[in-house]
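Descriptive analysis of the structure
What follows is the residue order along each chain.
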Amino acid sequence: MLRRITRNKQVTIPKEFMGRLHLNEGDYVSIECDDDSIRLRAVDIQEFSRNDYKKLASKLDQLKKERGTRHKDSTSARKHLKNLMK
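Residues numbered from 1 in each chain as written. Predicted model: local features only at pLDDT ≥ 70, side-chain atom pairs only at ≥ 80, totals over all residues. Heavy atoms only, no water.

Taken as a whole, the largest pocket spans an internal volume of roughly 630 Å³. Of all the elements in the fold, those that place two or more residues in the lining of the largest pocket are helix H1 (15–20), strand S1 (28–33) and strand S2 (38–43). Tallying contributions element by element places S2 first for the lining of the largest pocket, with five residues. The class makeup of the residues in the lining of the largest pocket is 14 nonpolar, two polar and five charged. Residue lining of the second largest pocket: Arg-50, Tyr-53, Lys-54, Thr-75, Arg-78, Lys-79 and Lys-82, and that is the complete set. Those elements that place two or more of their residues in the lining of the second largest pocket are helix H2 (50–67) and helix H3 (74–84). By residue number, the principal contributor to the lining of the second largest pocket is H3, which donates four residues. (1 Å grid on protein atoms, 1.4 Å probe; cavity = no way out; pocket = protein on both sides within 12 Å on 5 of 7 lines; lining within 4 Å. Points joined across faces, edges and corners; volume = space filled by probe spheres on them. Helix = DSSP H or I, 4+ residues; strand = E, 2+ residues; numbered from the N terminus. Nonpolar A, V, L, I, M, F, W, Y, C, P; charged D, E, K, R; others polar.)

We now examine unusual backbone geometry. With a phi close to 60°, Lys-9 is a non-glycine residue in the positive phi region. Within the secondary structure, Lys-9 is located in the segment before H1. For His-22, which is not glycine, the phi torsion reads 55° and is therefore positive. Inspection of the secondary structure assignment puts His-22 in the loop between H1 and S1. In this structure His-22 comes out as exposed when scored by relative accessible area, which is 67%. (Buried < 20%, exposed > 50% of the residue type's maximum accessible area, 1.4 Å probe, protein only.)

Our focus in this paragraph is the pairing of S1. For S1 and S2, the ladder comprises six bridges, and the chain directions are antiparallel. Across the sheet, residue Tyr-28 finds its bridge partner in S2, namely Val-43. From the end of S1 to the start of S2, which pair antiparallel, there are four residues. (Pairing = 2+ DSSP bridges.)

Just distances and angles here, no functional claims.
Shown next as structure tokens:
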């Protein structure tokens, strides 16, 4: 199927493909590029559970002790990550 790239460097995904892959506006896709092609893949982003955030906060605290970080504490880092997921 042939599509034209717009002046904003965008390409419209055909409705048929959107339906086949169960994609909707706002969904995420991964983009990969090799020598002569670009590949889009549907990605399912799962919400983190409270327990996932606790595990992540623990790991971030560990990394902070090892390497330092720009976040002052795990609460700040969790807030930042949650905002990135919006």
